[in-house]
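# Results of the structural survey
This is what each chain is made of:
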Amino acid sequence: MLMDLVSASTWDEARDVVDQNPVLLTDRALVLLDLAGSQFSTPDNGGDDIIRPFRRFLTRSREIGTVAAWEEQTGRRLPSWLTPYADRIESTEDVTAEVQAYEEILAQAEFVGLTPQLRAQVLGRAASALLRRSEAGPQHDDIDRALRLLDEAGPLVPDDSEVGGEVLSYLLFGHMRRYERDGAERDLAAAMDVLRRQDRRDGNEVSDHVHYVATMGFALLHRYERHGIPASLNSAVRILQQAVDASTVDDPELPGRLDQLGGARLRLYELEGSAAQLGRSVACLARAAEMTAASAPERPGRLSNLGNALLTRYERDGTLADLDAAIAAFEESLDDATPDALASFLSNYSNGLWRRYERVGNPADQDGAIAALQAAADAATSDRRLLTAVKNNLGFNLRQRYERRGRLDDLDAAIVRLREAVDLLADSGPAAALTVNNLGSALLRRYEHAGEPDDLAESIAVLRRAVETVTPDAPERPTFLANLGTALRLSVEEHGESGDIAEMLAVSELAVALSPDGSTDLPRRLIGLGAALDLAARDDPAGTDVERAADLLRRAVDLTPADSPDLPRRLNVLGVCLMRAEGRGRPGSQPGGATAVLRRACESGLVVDVATTLATATVWGNWAQSRQAWSEAAEAYGFGMAAMRSLVHVQLMRSEKEDALRRAGELGASAAYASAASGAPVAAVVALEQGRAALLDDALQRDRADLDQLRQGDGRSLVERFEAAAARERDLQGRVRESTLAAGRSQAGSTG
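This one's a predicted model, so the numbers in the text were calculated from it and none came from an experiment.

### As for the overall build of the protein
- Looking only at helices and strands, the protein features 34 helices and zero strands.
- Every one of the 752 residues in the protein was classed for burial, and the buried ones make up 46%.
- Across the protein, contacts joining residues at least 24 apart in sequence account for 58% of those joining residues at least 6 apart.

### Let's talk about the packing of aromatic side chains
- Per the counting criterion, the structure on display carries four aromatic pairs.
- With a centroid separation of 6.4 Å and an interplanar angle of 75 degrees, the aromatic rings of Trp81 and Tyr85 are classed as edge-to-face.
- We classify Tyr85 as buried; its relative accessible area is 14%.
- Seen from the ring of Trp623, Arg627 lies directly overhead, with NZ or CZ sitting 3.7 Å from the centre.

### Some points on the environment of Leu118
- Assignment of secondary structure puts Leu118 in helix α8 (residues 116-136).
- Assessed through its relative accessible area of 3%, Leu118 is described here as buried.
- Taking C-alpha positions, Leu118 is 8.5 Å from Val163, a pair spaced 45 residues apart along the chain.
- If sequence neighbours within four positions are ignored, Leu118 has contacts with Leu78, Pro79 and Leu82.

### Remarks on helix α12 (residues 209-227)
- Between its first and last C-alpha atoms α12 spans 27 Å; for 19 residues at 1.5 Å apiece the expected length is 27 Å, and the two agree.
- Where the residues of α12 are buried, they touch α8, α10 (162-182), α11 (185-201), α13 (230-246) and α14 (254-272).
- Just downstream of α12, Gly228 is the residue with a positive phi angle, here 70 degrees.

### Remarks on the packing of helix α17 (residues 320-333) against helix α18 (residues 339-360)
- Across the interface, α17 lies against α18 with an axial gap of 9 Å and an inter-helix angle of 150 degrees. Taken together, the axes of α17 and α18 are roughly antiparallel relative to one another. The interaxial crossing formed by α17 with α18 has left-handed handedness. Of the residues in α18, those touching α17 at Leu320, Leu323, Asp324, Ile327, Phe330, Glu331 and Ser333 are Phe345, Asn348, Tyr349, Gly352, Leu353, Arg355, Arg356, Arg359 and Val360.
- Across the contact of α17 with α18, the residue classes break down as eight nonpolar, three polar and five charged.

### Quick word on the confidence of the model for the protein
- Mean pLDDT for the protein: 84, with 83% of residues reaching 70 or above.
- The element-level mean pLDDT for the protein is lowest in helix α34 (residues 716-751), coming to 52, with helix α15 (residues 275-291) highest at 97.
- Predicted confidence for residues 739-752 stays below pLDDT 50, and this span has six contacts to residues more than four positions away or in other chains.

### Regarding the nonpolar core
- Among the nonpolar cores identified, the biggest contains 61 residues, and Ile105 and Met216 are the most heavily contacted of them.
- By residue number, the principal contributor to this core is α8, which donates nine residues.
- Apart from residues lying up to four places away in sequence, Met216 is in contact with Leu172, Met176, Leu188, Ala191, Met192, Leu195 and Ile239.
- Listed in part, the 37 residues of the second largest apolar core include Tyr349, Ala372, Leu394 and Leu398.

### Description of a nonpolar patch on the surface
- On the surface, Val31, Leu32 and Leu35 cluster together into a nonpolar patch covering about 250 Å² of accessible area.
- Note on placement: Val31 falls in helix α3 (residues 27-40).
- Overall, Val31 belongs to the partly exposed group, its relative accessible area being 47%.

### Here we look at unusual backbone geometry
- In the Ramachandran plot, Gln628 falls in the positive-phi region, its phi being about 60 degrees despite a non-glycine side chain.
- Residue placement: Gln628 occurs in the loop between α30 (610-626) and α31 (630-650).

### So, the side chain of Thr612
- Assignment of secondary structure puts Thr612 in helix α30.
- Using a relative accessible area of 6% as the deciding quantity, one classes Thr612 as buried.
- A polar contact is formed between the side chain of Thr612 and the side chain of Asp609, at a distance of 2.7 Å.

### Focus on α17
- In this model α17 runs 20 Å from its N-terminal to its C-terminal C-alpha over 14 residues, within 8% of the 20 Å that 1.5 Å per residue would give.
- All of the buried residues along α17 are Asp322, Leu323, Ala326, Ile327, Ala329, Phe330 and Ser333. Around the axis of α17, the buried residues are gathered within 160 degrees of arc, so they sit on the same side.
- Where α17 is buried, its residues meet α16 (299-317) and α18.

### Overview of the environment of Asn234
- Turning to its location among the elements, Asn234 is positioned in helix α13.
- Taking the C-alpha atoms as reference points, Asn234 and Arg265, 31 residues apart in sequence, are found 8.9 Å from one another.

The rules behind the values
- Residues numbered from 1 in each chain as written.
- Predicted model: local features only at pLDDT ≥ 70, side-chain atom pairs only at ≥ 80, totals over all residues.
- Heavy atoms only, no water.
- Helix = DSSP H or I, 4+ residues; strand = E, 2+ residues; numbered from the N terminus.
- Buried < 20%, exposed > 50% of the residue type's maximum accessible area, 1.4 Å probe, protein only.
- Contact = heavy atoms within 4.5 Å.
- Phe/Tyr/Trp six-rings, centres within 6.5 Å; stacked < 30°, edge-to-face > 60°.
- Lys NZ or Arg CZ within 6 Å of the ring centre and 35° of its normal.
- Expected span 1.5 Å × (residues − 1).
- Axes fitted to C-alpha atoms, helices over the stretch in contact; angles between N-to-C directions.
- Parallel < 35°, antiparallel > 145°, perpendicular 65-115°, else oblique.
- Left-handed = near helix turned anticlockwise from the far one by under 90°.
- Nonpolar A, V, L, I, M, F, W, Y, C, P; charged D, E, K, R; others polar.
- pLDDT = per-residue confidence, 0-100.
- Core = buried A, V, L, I, M, F, W, Y, C linked by side-chain atoms within 4.5 Å.
- Patch = residues over 30% accessible without salt bridge, like charges linked within 9 Å, V, L, I, M, F, W, Y side chains within 5 Å.
- Areas by Shrake-Rupley, 256 points an atom, 1.4 Å probe, with all protein chains shown as cover.
- Salt bridge = Lys/Arg side-chain N within 4 Å of Asp/Glu carboxyl O.
- Polar contact = N/O pair within 3.5 Å; in protein donor to acceptor, adjacent residues only side chain to side chain.
- Arc of directions from axis to C-beta.

And the structure:
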């Protein structure tokens, strides 16, 4: 029976032997076991060490029962003296308190009497606590102490046991931490030895030394990406470079190691800003992509990594060749991308195209960037965070295209995508707040375009949420405050609520106060505050806020580059402020100053922002008409007509096009009236004809589309009859137009 006990290969078998043979729990059995240990023990065979655990098991089985003793032996039950310490460790989140509890356990005399497995487990977890504390502070001796404990734990359990696996993991971490601290090769070698033992434990050991060097480097890189510890990154770069240098040219693992090294160097550039580091990153990633076979599944990812590095270098140096090469790499990465990676690669491709659009201004790049993001948003992906970012970026880009081209369907689509992104938000961090802000801003812009009160109310609620989400010192907070201030200003203009006025001024002032002088966002925030002050001072013409408002707005315009797409809107706000000042004789006004600013807003807007030109021209024309400044009114409405012609052609939805055409007719009538009143009847007729021409041109565009469809079917004869009738109509219209213009010239001659 005793031989059956000591021959058991597991404690489960040992428990079964004792359960089946209760006589083993007698005093005689213990005496016989002691005799067996002393009889067979020699300095070489360690027989007593083999017998001792079984004697402890029998002794505890007599004291607390076989099941409880088995639980202790296998670590499923703690001895009673150890339980209070375990409770302390479990209940604290303070790593120093945890270390203290473990040190007290190790100092107890009973500790040496624990089973080898439990002793190894306690030593390993004590070392883990020390290593975690070493990351939180400068206790350098914590790492050394942890490694000593792990050296003591290692011989107590085999590597292939559960506790042995824990000890190996802590040992690898300890040597990595000390290598990060000291850079000693002995710790690198020790860490790689642990990696070998782990592979041997799992049946995956390899003989290639470089494999373990590269694995160690990748582990350190992964550690940096998880915890952001600079020492991990520097160590990763150093070790991955060793792995690359030690690899032969024909080593199939070399492209992967180059890709890892290039990625690590790119992270190091982001951390330190070294141009040389960035250059080495690009070189490694280019070589990795070049060495990867076209059919290899890793190639799309390596091309995408290369594109990101090239794009980063473009953003640093502005070399267009880098941007073009990045876009080419991104585009090629799409060819064989897996479904899980496709959304990420499309997002990168879109980012490259958008950067080139910002640089070169080609609308095809803008459209391509948006199309790529739309495809990314529709791609199947399990990465919720990526999908949220894609939909946020898509919404933002659609909004930007609306700003440049004035297509309301882009703005509507932007709001849809931004709502989807907000619904996907899983946290309330800075990225989440930015998405919420983008939605609020898009709703606000649609209110400015279409005047729907619900959009304004929702915009204010959403923008308040964005402001409340960020911390007081968040760099995004001034932008969020400025956007909320703009929304509140429009609400005051709509409803005149006194509470909104106070909040409008408070958030607008704070947005400017939090902006440093060199901030590129300062002009926009100055515009917001100036417009808010101007609005609040309308009922107080003598107030000093009027002068301050005009000064702030002039400063904002002066800080805006001449080719900025934001210039027309800022000029519009300044011009309207000066217009009101001139109209009411308020301080800060200069006769004719408003007209010059409004004219400049219209001129610059025709190039980059026709929607603002239309809005400015309408306000300016109406103001000039109210002063009976007919020539000025005609000039203003003329700008409006030019802007309207551009807007009509870009509207895709029929309802939007009809609204634009209606406004074109109204502008034509206003321009004609102003021209006639100024004594320019010919100009009046031309203005009327231009308004009518917009309607006819759109009708003809629809006719052509319908006729093309008829030609493809059975309606060829109908098409021919319609075209003949249309030709006769155009001939008659031409004769009427010539007659009208002749009459106008005759009238002008008699007037002169």
